[in-house]
Amino acid sequence: MNKYKFIDNQGTFLLENPEINSYMYFPIANECGVMSSLTPTLNGDCKMSQNTFLLAPVSAEELHNNKSSRNFWIYIEGYGAWSITGASGKQKYEVFDKNKENTKLEAGIMWHKITRESQNIGIKSEVTSFVPSNNKKVELMKVTITNISNEGKKITPTAAIPFYARSADNVRDHKHVTSLLHRIETTDYGVIVNPTLTFDERGHKKNTIVYGIVSAEDDGKKPIGFCPLVEDYIGEGGSFEAPETIIINKKFDVKSNEKFEGYEAIGAIRFNDIIIEPGQSKTYIAAMAFGESKRDIESISNDVLKETDFDSSLEETKLYWNNKINISYKTKDSEFDNWMYWVNFQPMLRRIYGCSFLPHHDYGKGGRGWRDLWQDCLALLAMDPENVRQMLLDNFGGIRFDGTNATIIGNKQGEFIADRNNITRVWMDHGAWPFLTTKLYIEQSGDIEFLLEKQLYFKDLQVIRGEEKDNLWNLEQGNNQLTEDGETYEGNILEHLLIQHLTAFYDVGEHNVLRLHGADWNDALDMASERGESVAFSALYAENLEDIAELLKVIKDKMNIKNIQLAEEIQILLNVNTVEYNSVDKKLKVLKKYCEKCKHSITGKVIEIDCDTLIEDIKGKAKWLKEHIRKNEWISNEEEFSWFNGYYDNNGRRVEGGTGNETRMMLTGQVFTIMSNTANEEQVRSIIKACDNYLYDESVGGYKLNTDFNEVKTDLGRMFGFAYGHKENGAVFSHMAIMYANALYKRGFVEEGFKVIDSLYSHCNKFEISRIYPGVPEYINSRGRGMYHYLTGSASWLILTVLTEMFGVKGDMGDLKLEPKLLLKQFDENYKAAINMTFAERRFHIEYINEASKEFNEYSIKEIYLDNNKYNSENYSVIYKKDIILLDEGKTHNIKVILE
Ligand code: G1P
């Protein structure tokens with residue numbers, strides 16, 4: 001079977017013949033903006049932004065269709081031309097041959113090495129690719145050619161990497177005229193392209209980017225000639241997979257410091273002929289670089305083109321990323337542990353590539369969305385909590401005074417941008433995520449004071465929760481909410497959270513659950529903005545309200561604060577008689593009154609509200625909402641399955657229900673009613689049965705997002721236009737599946753929660769079906785292929801679930817609480833399961849020892865040892881913050897948890 005094998009415990013794997021799988025790509029990137037993707041034949045692209053592609057942009061289909069890939073050719077005397085990447089017409093044709101060249105991929109976090117061996121020719125090659133973790137804007141490639149025959153071979157080596165050197169917007173539009181902008185020059189080591197202007201959606205601008213492709217022999221020795229124009233390189237009738245200059249081994253006449261203008265360019269770089277004796281090797285280094293001047297590219301050439309520099313930079317890079325991934329696991333299944341290593345890394349990839357810069361991308365030209373922003377913080381809290389406080393605080397600056405939020409997020413932390421296109425779209429779930437992340441932060445750190453920190457509010461044209469425009473506002477007034485006196489207004493974080501949740505509470509549709517607006521978590525439920533409602537997220541808002549009340553209690557008791565300061569307008573949303581909650585009209589009136597009051601400016605006056613009164617008010621709202629859902633949305637069908645209806649469509653009709661093949665069921669409504677404790681235990685059991693019956697399909701990795709509605713349901717969303725089993729229409733969508741697992745674990749349904757994660761992991765790990773490298777993809781399609789690999793918010797949720805639920809390592813107002821929910825089968829042959837992680841800036845190795853071989857639910861914590869000393873606490877499952885902060889920050893501390 002063709003499957004990858006892990007060779008260490010840091011995710012490094014081997015895969016034989018990787019190129020006989022389609023659509024596979026691997027990320028290599030750094031934090032100064034270089035983002036590359038690599039296929040097994042070194043196709044893929046390399047760019048720094050939507051407008052700065054060095055190699056031609058590729059989507060999934062171009063991975064097999066594009067010929068402009070990284071290449072390195074050798075012309076072997078007596079044989080002819082051979083591509084060491086396999087990107088020649090002949091080698092591609094031979095992929096289906098039984099006797100095809102042997103290839104092998106070895107890869108780890110941010111590095112990729114492909115070996116190719118032709119017994120027939122007697123040559124072996126190895127190409128290692130990576131992007132250095134330091135601040136160099138460059139992708140590097142080391143090529144080693146070995147003679148595996150019995151006689152010396154004379155070869156002519158040529159690096160050949162075609163430039164694209166422009167904006168992705170020009171893939172078709174302005175494609176040719178942008179080549180007329182090219183100013184091409186050869187240097188000592190290669191070719192640079194410095195376009196005069198850029199033509200893209202930003203208008204015609206003077207270009208400031210210089211692209212370079214340079215190469216040298218292992219000791220830094222320079223090339224001997226160049227062929228920088230594509231049409232000269234391929235020759236009349238040639239192509240990148242059969243270039244004339246290579247096939248007939250034509251001399252490259254161009255020397256360094258020659259200039260050309262107005263043509264497509266290629267870094268075609270020729271080296272001296274050499275004779276490689278049997279068993280001997282020869283190495284070359286190539287670099288694809290971004291700079292602001294010719295000098296930048298020259299200085300990069302001097303820094304990176306020696307083999308010794310390449311090797312040390314590669315080691316540095318490996319170390320850099322492995323240090324960043326500071327969570328690791330040890331369970332019985334070492335493949336799961338290694339797979340999770342990649343999952344741990346995925347949120348870092350998402351922060352670098354956004355959602356748009358790997359070959360599977362459905363939207364976007366970079367940038368991140370509101371949901372991603374808060375989700376990324378979840379993973380950060382688990383891995384790199386140091387700067388999270390400020391990040392959270394800054395992100396709160398994106399909330400509007402009507403409880404909605406900015407949706408265009410700037411490049412700088414805390415930068416939010418008004419939508420110039422004036423598109424109004426309100427995602428009704430957006431208000432719920434900041435609280436989840438904030439709660440996790442407070443639980444881990446005990447930093448309850450955070451809720452009283454002050455922050456600005458975002459202001460733009462959109463008012464009344466996306467329903468109207470504020471014609472009094474213009475850009476000159478800036479993007480901050482002002483008071484009537486023109487002062488910027490700052491409110492505490494608690495106030496921000498309250499505004500998000502209280503406005504949502506009143507923003508209901510005709511069934512008295514929260515309006516769907518532009519969509520909820522499911523971006524493709526986007527055609528029911530008038531009458532659509534999301535029961536699913538109503539449940540989450542209800543739970544959040546309850547949890548906010550709990551935190552308020554902590555503020556009151558621990559900080560001894562009796563009154564909370566809030567903007568006076570918020571009173572409108574409080575003090576409403578609970579009886580009125582039953583009336584949609586009354587609710588909408590309250591909301592309207594509040595939104596009108598803060599439509600343009602607010603008074604800036606602050607009132608003091610008694611904590612207890614506030615707690616009672618919001619608890620009342622939470623209770624009402626949960627009861628309302630329990631009473632009205634629990635549905636059963638003729639097959640005697642029961643679950644929660646999650647939605648109403650744009651005709652005001654209930655979406656879920658039906659029976660047999662006609663059953664319409666969605667996972668989202670189940671996840672949030674379970675997670676929010678809206679579903680009682682009995683209901684959770686029923687939901688699990690219904691999910692197992694209607695949504696579970698082992699062959700695609702577990703729980704699908706919905707059943708087949710067999711209708712292009714234009715009164716709910718574009719998802720129903722997608723074929724069933726794909727993306728948001730009924731695929732196993734990792735993010736929702738993992739949130740389902742999280743909810744089940746939280747409610748103590750551990751076996752069931754494990755099944756969700758295990759089905760998904762096991763499927764991904766079946767490489768011959770999923771055909772993705774290790775990690776969790778956004779979704780699994782109807783044929784079982786992993787799609788949109790790497791860049792998915794599900795990774796953050798998976799890390800969180802494995803850490804805080806499966807291993808049960810949680811924060812409890814700053815204390816470290818241990819509440820393992822590991823199944824007996826997860827303990828290794830020594831009855832152990834362990835996790836390495838960071839908490840309160842200390843490194844811990846936490847080991848659970850289950851010598852009695854007990855199942856979850858049967859075991860409990862007998863004793864805890866901290867650095868080999870018995871830890872005495874009246875509560876066996878907690879290590880107190882006061883003790884943790886006494887521990888040395890520089891070393892790893894052992895916590896041994898003995899189960900009985
Ligand atoms: C993607 C989006 C996410 C959205 C989801 C469902 O999921 O990034 O914001 O909620 O689709 O429409 P992801 O790729 O993060 O798993």
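Residues numbered from 1 in each chain as written. Predicted model: local features only at pLDDT ≥ 70, side-chain atom pairs only at ≥ 80, totals over all residues. Heavy atoms only, no water.

Q: Honestly, the overall build of the chain in this entry has me stumped. Any pointers?
A: For the chain, the helix and strand inventory stands at 22 helices and 49 strands. Here the C-alpha atoms of the chain give a radius of gyration of 30 Å, agreeing with the 29 Å that 2.2 N^0.38 yields for 900 residues. Each principal axis of the C-alpha distribution contributes one length, and for the chain these read about 90 × 70 × 60 Å. For the chain, the residues scored as buried account for 62% of the 900 residues in total. Expressed as a percentage of contacts within the chain between residues at least 6 apart in sequence, the contacts between residues at least 24 apart total 70%. (Helix = DSSP H or I, 4+ residues; strand = E, 2+ residues; numbered from the N terminus. Rg over C-alpha atoms; globule rule 2.2 N^0.38 Å. Buried < 20%, exposed > 50% of the residue type's maximum accessible area, 1.4 Å probe, protein only. Contact = heavy atoms within 4.5 Å.)

Q: Can you walk me through the side chain of Asn544 in this structure?
A: Residue position: Asn544 is located in helix H13 (residues 535–558). Of note is the side chain of Asn544, whose polar atom sits 3.1 Å from the backbone oxygen of Ala432. A polar atom in the side chain of Asn544 sits 3.0 Å from the side chain of His501. Those residues within four positions of Asn544 in sequence are excluded, and the remaining contacts are Ala432, Phe435, Leu436 and His501. (Polar contact = N/O pair within 3.5 Å; in protein donor to acceptor, adjacent residues only side chain to side chain.)

Q: Any chance you could explain the site of the ligand here in plain terms?
A: Around the ligand sit 14 residues, and of these Trp521, Glu728, Glu778, Thr792 and Gly793 come closest. In this structure, an oxygen atom belonging to the ligand sits 2.6 Å away from a side-chain N or O atom of Glu728. Backbone polar atom of Gly793 to an oxygen atom of the ligand: 2.8 Å apart, as the coordinates give it. In the complex, the protein chains occlude 97% of the 380 Å² of accessible area that the ligand would expose alone. Each residue belonging to the shell around the ligand can be placed in one class, and the counts come to 4 nonpolar, 4 polar and 6 charged. (Near = heavy atom within 4 Å. Areas by Shrake-Rupley, 256 points an atom, 1.4 Å probe, with all protein chains shown as cover. Nonpolar A, V, L, I, M, F, W, Y, C, P; charged D, E, K, R; others polar.)

Q: Quick question: what am I supposed to make of the sheet that holds strand E3 (residues 26–29) here?
A: Across the sheet, 4 strands lie side by side as E3-E4-E5-E6; this open sheet has antiparallel pairing. Strand pairing shows two members of the sheet lacking a second neighbour, E3 and strand E6 (52–53), which therefore form its edges. Pairing analysis gives 4 bridges linking E3 to strand E4 (residues 35–38), with the strands arranged antiparallel. By the bridge assignment, Pro27 is partnered in E4 with Ser37. Contacts between helix H8 (residues 334–353) and the sheet are confined to E3 and E4, with E3 contributing the most and set at about 60° to the helix. (Pairing = 2+ DSSP bridges. Axes fitted to C-alpha atoms, helices over the stretch in contact; angles between N-to-C directions.)

Q: Explanation requested: the pairing of strand E42 (residues 809–812) in the structure shown.
A: Relative to strand E43 (residues 815–818), E42 runs antiparallel, the two being bridged by 4 bridges. Residue pairing for E43: Asp812 is matched across the bridge by Asp815. The hairpin turn running from E42 into E43, its antiparallel successor, is 2 residues long, and Met813 in that turn takes a positive phi close to 50°.

Q: Hey, could you run me through the packing of H8 against helix H21 (residues 794–806) in this one?
A: The axes of two packed helices give the description: the angle between them and the distance between them. Look at H8 against H21: their axes get within 8 Å of each other, and the N-to-C directions meet at 125°. Viewed along their axes, H8 and H21 adopt a mutual orientation that is oblique. As H8 runs across H21, the sense of the crossing is left-handed. Judged by residue contacts, Phe336, Trp339, Met340, Val343, Asn344, Gln346 and Pro347 of H8 engage Ala795, Ser796, Leu798, Ile799, Val802 and Met806 from H21. Grouping the constituent residues of the contact of H8 with H21 by class yields 10 nonpolar, 3 polar and no charged. (Parallel < 35°, antiparallel > 145°, perpendicular 65-115°, else oblique. Left-handed = near helix turned anticlockwise from the far one by under 90°.)

Q: Explain the UniProt feature "domain: Glycosyl hydrolase 94 catalytic" (unreviewed entry) in the chain to me, please; I cannot follow it from the model alone.
A: In the numbering used here, UniProt assigns the "domain: Glycosyl hydrolase 94 catalytic" (unreviewed entry) feature to residues 489–565 and 616–806. End C-alpha atoms of residues 489–565 are separated by 13 Å, and the span's content is 49% helix alongside 10% strand. For residues 616–806, helix accounts for 46% and strand for 12%, while the C-alpha atoms at its two ends are 34 Å apart. (UniProt positions renumbered as here; feature names shortened; annotations may be inferred.)

Q: Explain the packing of aromatic side chains to me, please; I cannot follow it from the model alone.
A: When we look at a pair of aromatic rings, we describe it by the centre distance and by the angle of the planes. In total, this model carries 49 aromatic pairs according to the counting rule given. Here the aromatic rings of Phe13 and Tyr773 are separated by 5.6 Å at their centres, their planes lie at 35°, and the arrangement is tilted. Of this pair, Phe13 sits in strand E2 (residues 13–16) while Tyr773 is found in the loop between helix H20 (767–770) and strand E40 (777–780), placing the two residues 760 residues apart along the sequence. Judged by relative accessible area, Phe13 falls into the buried class, the value being 0%. You can call Tyr773 buried: its relative accessible area is 1%. Relative to Tyr594, the ring of Phe401 lies with its centre 6.2 Å away and its plane at 20°, an arrangement referred to as stacked. With Phe401 in the loop between helix H10 (388–395) and strand E25 (408–409) and Tyr594 in helix H14 (residues 584–597), the pair connects residues that are 193 residues apart, well separated along the chain. As far as burial versus exposure is concerned, Phe401 and Tyr594 are alike and both buried. Ring pairing ties together the aromatic residues Tyr4, Phe6, Phe13, Phe26, Tyr320, Trp321, Trp342, Phe345, Phe767 and Tyr773, which thus form one cluster. Cation over ring: Lys3 sits above Tyr4, and NZ or CZ is 4.4 Å from the ring centre. When the ring centre of Tyr788 is taken as reference, the NZ or CZ atom of Lys727 above it lies at 4.5 Å. (Phe/Tyr/Trp six-rings, centres within 6.5 Å; stacked < 30°, edge-to-face > 60°. Lys NZ or Arg CZ within 6 Å of the ring centre and 35° of its normal.)

Q: Which parts of the structure should I look at to understand the pattern of salt bridges?
A: Once the charged atoms of two side chains with opposite charge are near each other, the side chains can pair. Taken as a whole, this structure holds 65 salt bridges when the rule is applied. Between Arg371 and Asp523 there is a salt bridge; the shortest N-O distance is 3.2 Å. One end of the pair, Arg371, is in helix H9 (residues 370–383); the other, Asp523, is in the loop between helix H12 (493–506) and strand E31 (533–534), and 152 residues separate them in sequence. Judged on exposure class, the residue Arg371 and its partner Asp523 are both buried. As a salt-bridge pair, Arg718 and Asp526 come within 2.8 Å of each other at their nearest N and O atoms. One end of the pair, Arg718, is in the loop between strand E38 (702–703) and strand E39 (732–733); the other, Asp526, is in the loop between H12 and E31, with 192 residues separating them in the sequence. You can call Arg718 partly exposed: its relative accessible area is 36%. In this structure, a network of salt bridges that share partners links the residues Glu805, Lys810, Lys817, Glu819 and Lys821. (Salt bridge = Lys/Arg side-chain N within 4 Å of Asp/Glu carboxyl O.)

Q: For this particular structure, what's the right way to read the packing of helix H16 (residues 667–675) against helix H18 (residues 734–746)?
A: Close contact between H16 and H18 brings their axes to 8 Å; oriented N to C, the two are set at 30°. Classified by the angle their axes make, H16 and H18 are roughly parallel. Every pair of crossing elements has a handedness; the one defined by H16 and H18 is left-handed. Contacts between H16 and H18 involve Leu667, Thr668, Val671, Phe672, Ile674 and Met675 on the former and, on the latter, Met736, Ala737, Met739, Tyr740, Asn742, Ala743, Leu744 and Lys746.

Q: What is the right way to look at the nonpolar core in this model?
A: As a rule of thumb, nonpolar side chains are buried together in soluble globular proteins. Ranked by internal contacts, the top residues of the largest apolar core, which has 269 residues, are Trp339, Tyr740, Phe807, Val809, Ile846, Tyr848 and Ile895. Considering each element in turn, this core owes the most residues, 14 residues, to H13. Those residues in contact with Trp339, other than ones at most four positions away along the chain, are Tyr4, Phe6, Tyr761, Cys764, Pro774, Gly775, Val776 and Leu798. Val210, Ile285, Ala287 and Ala289 belong to the second-largest nonpolar core, a separate cluster that totals 18 residues. (Core = buried A, V, L, I, M, F, W, Y, C linked by side-chain atoms within 4.5 Å.)

Q: Hey, could you run me through the environment of Phe310 in this one?
A: Note that Phe310 resides in helix H7 (residues 307–324). In this structure, the C-alpha to C-alpha distance between Phe310 and Met141, residues 169 residues apart in sequence, is 8.6 Å. Beyond its immediate sequence surroundings of up to four residues, Phe310 is in contact with Thr128, Phe130, Leu140, Met141, Lys142 and Ile285.

Q: Explanation requested: the sheet that holds strand E9 (residues 102–108) in the structure shown.
A: What links the strands of a sheet is backbone hydrogen bonding, and the strands pair in either a parallel or an antiparallel sense. Read from one edge of the open sheet, 11 strands run E1-E2-E9-E10-E11-E12-E23-E18-E15-E14-E20, paired in antiparallel fashion. In the strand order of this sheet, the two ends are held by strand E1 (5–6) and strand E20 (259–261), each with one partner. Here 3 bridges tie strand E14 (residues 183–186) to strand E15 (residues 190–193), and the two strands are oriented antiparallel to one another. Directly across from Glu185, in E15, lies its bridge partner Ile192. Sheet strands in contact with helix H6 (residues 294–304) are strand E12 (138–147), E14, E15, strand E18 (210–217) and strand E23 (281–291), and its direction is about 150° off that of E23.

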